[in-house]
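Single-letter residue listing:
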Amino acid sequence: MMRRSMLFLPGNNPNMLINGNCLGADAVIFDLEDAVAPDEKDAARILVRNTMRYMDFRGCEIIVRINSIDTPYWKKDIDAILPERPAMILLPKTGCPKDAQMVDEYMTEVEKRLGLETGTVGLMPLIETALGVENAFSIATACPRVQALFLGAEDLTADLQCKRTKEGREIEYARTRLVVAARAAGIDVYDTPFTDVNDDECMEADAMLAKGLGFSGKASISPRHVEIINQVFSPSVKEIDYAYEVMEAIALAKERGKGAISLYGKMIDAPIVARAERVIAMAEALGIDRRDV
Amino acid sequence: MKKLVNSLREAIALSGLKDGMTVSFHHHLRNGDYVLNMVMNEIAAFGIRDLTVNASSLFDVHAPLIRHIEKGVVTGVAADYIAAGLGRAFSAGVLEKPVEFRTHGGRPGDIALGRTPIDVAFIAAPSADPMGNCSGKYGKSACGSLGYAFADAMYAKKVVVITDNLVPYPLQDWSIAENYVDYVVEVDAIGDPKGIVSGTTQITRDPVGLVMASHAAKVIEASGLLKDGFSFQTGAGGASLAAAKFLKEIMLKKQIQGSFGLGGITGYMVDMLREGCFRSLLDVQCFDLKAVESLRNDPRHQEISAMQYASPSAKSAVVDSLDVVILGATEIDTQFNVNVHTDSNGYIMGGSGGHSDTAAGAKLSMIIAPMFRARMPIVTDHVTCISTPGKDIDVLVTQGGIAVNPKNVELKKRLLDAKLPVIDIHELKEKTERITGAPAKRAKGARVVAKVIGREGQLQDEIYGV
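Sequence order as written defines the numbering, with residues in each chain counted from 1. Note on labels: chains are lettered from A, ligands numbered from 1, in written order. The predicted origin of the model limits local features to residues at a pLDDT of at least 70 and limits the giving and counting of side-chain atom pairs to 80 or more, whereas totals for whole chains, interfaces and linings rest on all residues. Calculated side-chain values reflect all of the structure's heavy atoms, with hydrogen atoms and water omitted.

All names here are of chain B. Strand pairing is defined by DSSP finding a minimum of two bridges between the two strands. Numbering of helices and strands runs from the N terminus; a helix is a DSSP stretch of H or I covering at least four residues, while a strand is a stretch of E covering at least two. Pairing in this open sheet of 8 strands is mixed, and the strands run E14-E13-E12-E11-E15-E18-E22-E23 from one edge to the other. What marks the edges here is a single partner per strand, and that holds for strand E14 (301–303) and strand E23 (401–404). For this sheet the average axis-to-axis angle between neighbouring strands, irrespective of direction, equals 20 degrees. Here strand E15 (residues 324–327) runs beside strand E18 (residues 364–368); their pairing, made up of 4 bridges, is parallel. Looking across to E18, one finds that Val324 is bridged to Leu364. Sitting on the sheet, helix H10 (residues 267–274) touches strand E11 (231–233), strand E12 (258–265), strand E13 (278–286) and E14, and the angle it makes with E13 is about 160 degrees. Inter-axis angles, ranging from 0 to 180 degrees, are taken between N-to-C directions of lines fitted to C-alpha atoms, where helices are fitted over the stretch in contact. Whether two residues touch is decided by their heavy atoms; if any such pair falls within 4.5 Å, the residues are in contact.

Laid out in structure tokens, this is it:
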């Protein structure tokens, strides 16, 4: 599943919810947590449930951010949302593997109660505390339901007692730590939203930084950022062209019975081939024909 | 020869206005206009009755007109656009004779051809001299272009210029020349500057509007028309302006210089001129202060009359050289007919203005509209009123997909090649109705309250009372 961009949509805003699949994001995150005031939690839960039940979101994956396990809402959120089969549940303030395991167990319990296939809805721990960062690998491997990690920099910087900046020096460690943990666990990892909705230039730089560090995609709180994120996380013309050259070089090597081959003076080895395959798969998924390149 | 008279009352008396005649007004002062109400009050005080008011547009500030209709002072109304507040009264049937709607091009065409003769034209002039040379570019009530007033000045039997900025003869840089003008009246104020033009026109921040705008710019890019010499008109609505913003980015990136930007001009179009996206702006009406200032100071920004803008009976009109126009709609049907006269409940709330003219002239006529407003779907089987016929519309851009008129086979191919989300208009309608449900059509009223005259003078549709 390609998730270059994930767009947060407030769970209590019907106009945003019903238009959520038109905003260009690969995935939308219906938010029942921070965007929703305590006295609107039940209304948002029903609204999100009904949106998922009645709206056609083909081509746009649905993720739901439930409330954290230290609130009285999270089980009710799962009760309402799970039957609608979102792709993943985003679990805020995941600090240790037990947090994820507890939610996993409850999800399984609900699935069994409702006669649903167990384990098909993924879990994405939101890492937004210092403890969560330090436990990143054990959270990533807490249970098979964990399909990705998600970095939340706003709460994290509050926990770190530092200021959140556009440059993001303060979250460098967390970013690299999360990427390493997720990749070591063999799962995806998504970057925190850039919060200045009026600064497209810094937004693009931030997305490029995240891509460069190895993130699979990036979240956004503004629909305006979605197209920029999609562009940054799509393979570039140069990358696609190079990927095809790699595959052609490999084919040629096989044809000539050679075990190894070089391209532009660099040996083509298994990781390079794997990357080229990923790039081509993504280009094909995006409908980019090589003739366009 | 003395044209400057002491009062509006004197000018009306001298004009020879009598029962049953036609008076005309232009709408550049928009919702800040004092002149129409001022003149009609004086006319009513004379005891003159049974008049026809031919105005290029009527705004809600002109609500006192309803009282004159109720008292029989006014028995006929012709306009290119009627704002929603006044529209309610007309839809309720306040006027016995149907309102005649024309287009911004059709109106001056019909005036010039003598189909709608004007007895006395009243021209609100932000600056004038005692012989009647006048301009909209200067003065405390500056509105910029006086484009819609030219036909009135040129063809009315009598012309009265009303100004709140009388300058010594000769006024420099006039728009309408003294040779058309019979009388000049000085008044304290012709309008409220706050209602005449907005300080700035804002690009939408609504995410759905931005998605539509982004689609719109990509459609233009893919159409094959976006190259040096490109010409363009867009409205002042948030999504239309956002489309212009995205288009500007593409033009600057590809170093494309267009020939002209047309229409009601906003500050945003002025920015495009200044940044080199166009060689010129052709301006029939200014929407904001930046446009007024540009028209005053930049020789590349040119005032044009409504005849030159869009008249089908002119020897040529600018709309005939237009590449792309972005337009709105209250409804569009599966045959691509567009309604901009009424809301979905049938109440009058607008009018064609330049909609039909530009759609007929432009090589690519694009409608931008959301799939639904409140609970009402925009795509319908049959529009409540055909303002612009579907034959003149090429494409509908919504957040849920881009519907191409089947007549434009090449455009559809181009958009598909560009991997834009093309959708059949019937499918778009069904997709929308899956969200909103299919609303029942409101039953037509018993009586026709307005006739929509197409730009060629034909009866295009009738609007029934509500």
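Back to the write-up after that little detour.
The next thing to look at is the pattern of salt bridges. We define a salt bridge as a contact between a side-chain nitrogen of Lys or Arg and a carboxyl oxygen of Asp or Glu at a distance within 4 Å. Taken as a whole and judged by the stated rule, the model has 51 salt bridges over all chains. Here Glu61 of chain A ties to Arg3 of chain A by a salt bridge, and the two come within 2.4 Å at their closest N and O atoms. One end of the pair, Glu61 of chain A, is in strand E3 (residues 61–65); the other, Arg3 of chain A, is in the segment before strand E1 (5–10), and 58 residues separate them in sequence. Like Arg3 of chain A, Glu61 of chain A is buried. With its nearest N and O atoms 2.8 Å apart, the salt bridge here joins Arg102 of chain B to Glu100 of chain B. When its relative accessible area of 30% is taken as the criterion, Glu100 of chain B is described as partly exposed. Residues joined by salt bridges that share partners form a network here, namely Asp31, Glu33, Asp34, Arg65, Lys93 and Asp155 of chain A. Each residue's exposure class comes from its accessible area (1.4 Å probe, protein chains only) as a fraction of the maximum for that residue type: buried when under 20%, exposed when over 50%, partly exposed otherwise.

Let us now look at the domain arrangement of chain A. Segmentation into domains, and thus their bounds, comes from an automatic or database assignment. Each domain of chain A was delimited in the assignment, giving domain 1 (5–233) and domain 2 (237–292). Here the C-alpha centre of domain 2 of chain A lies 33 Å away from the C-alpha centre of domain 1 of chain A.

Attention now goes to the interface of chain B and chain A. With 13 residues of chain B at the interface, the matching set in chain A holds 14 residues. Accessible area that two parts lose when put together, evaluated with a 1.4 Å probe and summed over both, is termed the buried area. The junction of chain B with chain A conceals about 1100 Å² of combined surface from both sides, 59% of it contributed by carbon and sulfur atoms. When the buried area of chain B at its contact with chain A is split by residue, Arg205, Pro207 and Lys419 of chain B rank highest and sum to 34% of it. Counting every contact that joins chain B to chain A gives 1 salt bridge. Close ionic contact of Glu227 of chain A with Lys218 of chain B constitutes a salt bridge, the shortest N to O distance being 2.9 Å. Counted as a polar contact is a pair of N or O atoms within 3.5 Å, where, for protein atoms, one must be capable of donating a hydrogen and the other of accepting one, and residues adjacent in sequence contribute only when both atoms are in side chains. If you look at where chain B meets chain A, you find 4 residue pairs in polar contact (both at pLDDT 80 or more). Of all elements in the fold, only helix H8 (207–222) and helix H15 (425–436) of chain B reach the threshold of two or more residues within the side of chain B that touches chain A. With 6 residues, H8 of chain B is the single largest residue contributor to the side of chain B that touches chain A. For this classification, Asp, Glu, Lys and Arg are treated as charged, while Ala, Val, Leu, Ile, Met, Phe, Trp, Tyr, Cys and Pro are nonpolar and the rest, including Gly, are polar. Residue composition of the side of chain B that touches chain A, grouped by class: 6 nonpolar, 3 polar and 4 charged.

All names here are of chain B. A sheet is described by the order of its strands in space; here 10 strands give the open sequence E1-E10-E9-E6-E2-E3-E4-E5-E24-E25, paired in mixed fashion. Each having just a single partner strand, strand E1 (4–5) and strand E25 (459–464) make up the two edges of the open sheet. Here E1 runs beside strand E10 (residues 183–186); their pairing, made up of 2 bridges, is parallel. For Leu4, the partnering residue across the bridge sits in E10 and is Val184. Along the sheet, helix H2 (residues 35–46) makes contact with strand E2 (22–25), strand E3 (51–55), strand E4 (74–79), strand E6 (120–125) and strand E9 (158–163), crossing E2 at roughly 160 degrees.

All names here are of chain A. The span expected for a helix works out to 1.5 Å for each residue beyond the first. In a regular helix each residue adds 1.5 Å, so 18 residues correspond to 26 Å; helix H4 (residues 97–114) covers 26 Å between its end C-alpha atoms and thus fits that length. Buried residues of H4: Asp99, Ala100, Val103, Asp104, Tyr106, Met107, Thr108, Val110 and Glu111, and no others. Against helix H3 (74–81), strand E4 (88–91) and strand E5 (122–127) lie the buried residues of H4. Looking one or two places after H4, you find Gly115, whose phi comes out positive at around 70 degrees.

On to the domain arrangement of chain B, then. Residues and elements named next belong to chain B. Each domain of chain B was delimited in the assignment, giving domain 1 (4–196) and domain 2 (207–438). Here domain 1 and domain 2 have C-alpha centroids that lie 29 Å from each other. Taken together, the contact between domain 1 and domain 2 spans 35 residues of the former and 31 residues of the latter. Carbon and sulfur atoms make up 61% of the surface buried where domain 1 meets domain 2, a total of about 2500 Å² over both sides. Where domain 1 packs against domain 2, one counts 0 salt bridges. Between the two partners, domain 1 and domain 2, sit 16 residue pairs in polar contact (both at pLDDT 80 or more).

A few words on unusual backbone geometry. Residue and element names in this part refer to chain B. Residue Pro170 is bonded to the preceding Tyr169 through a cis peptide linkage, with omega at -5 degrees. Positive phi outside glycine occurs at Ala374, with the angle close to 50 degrees. Residues other than glycine seldom take positive phi values, yet Lys419 does so here, at roughly 60 degrees. As for its placement among the helices and strands, Lys419 is situated in the loop between helix H14 (409–417) and H15. The exposure class assigned to Lys419 is partly exposed, which follows from its relative accessible area of 46%.

Moving on to the pairing of E4 of chain A. Residue and element names in this part refer to chain A. Neither face of E4 is left uncovered, since the one carrying Met88 and Leu90 and the one carrying Ile89 and Leu91 both have all their residues buried. By the bridge criterion, 3 bridges tie E3 to E4 in an arrangement that is parallel. When the bridges of E4 are listed, Ile63 appears paired with Met88. Orienting the strands away from the viewer, one traces the path from the first strand over the helix to the second; a clockwise path indicates a right-handed crossover. Crossover connection from E3 via H3 to parallel E4: handedness right-handed. With 4 bridges connecting them, E4 and E5 associate as parallel partners. Its bridge partner being in E5, Leu90 is matched across the sheet by Met124. Handedness of the E4-H4-E5 crossover: right-handed.

To continue, consider the packing of helix H8 (residues 172–185) of chain A against helix H9 (residues 200–213) of chain A. Residues and elements named next belong to chain A. Direction vectors running N to C along H8 and H9 enclose 40 degrees, while the axes themselves pass 10 Å from each other. In terms of orientation, H8 and H9 fall into the oblique class. For the pair H8 and H9, the crossing hand works out as right-handed. Within the contact between the two elements, H8 uses Arg175, Thr176 and Val179 and H9 uses Asp206, Leu209 and Leu213. Split by residue class, the contact of H8 with H9 holds 3 nonpolar, 1 polar and 2 charged. Roughly parallel means an angle under 35 degrees; roughly antiparallel means over 145; roughly perpendicular covers 65 to 115; every other angle is labelled oblique. Left-handed describes a crossing in which the near helix is turned anticlockwise from the far one by less than a right angle; the clockwise case is right-handed.

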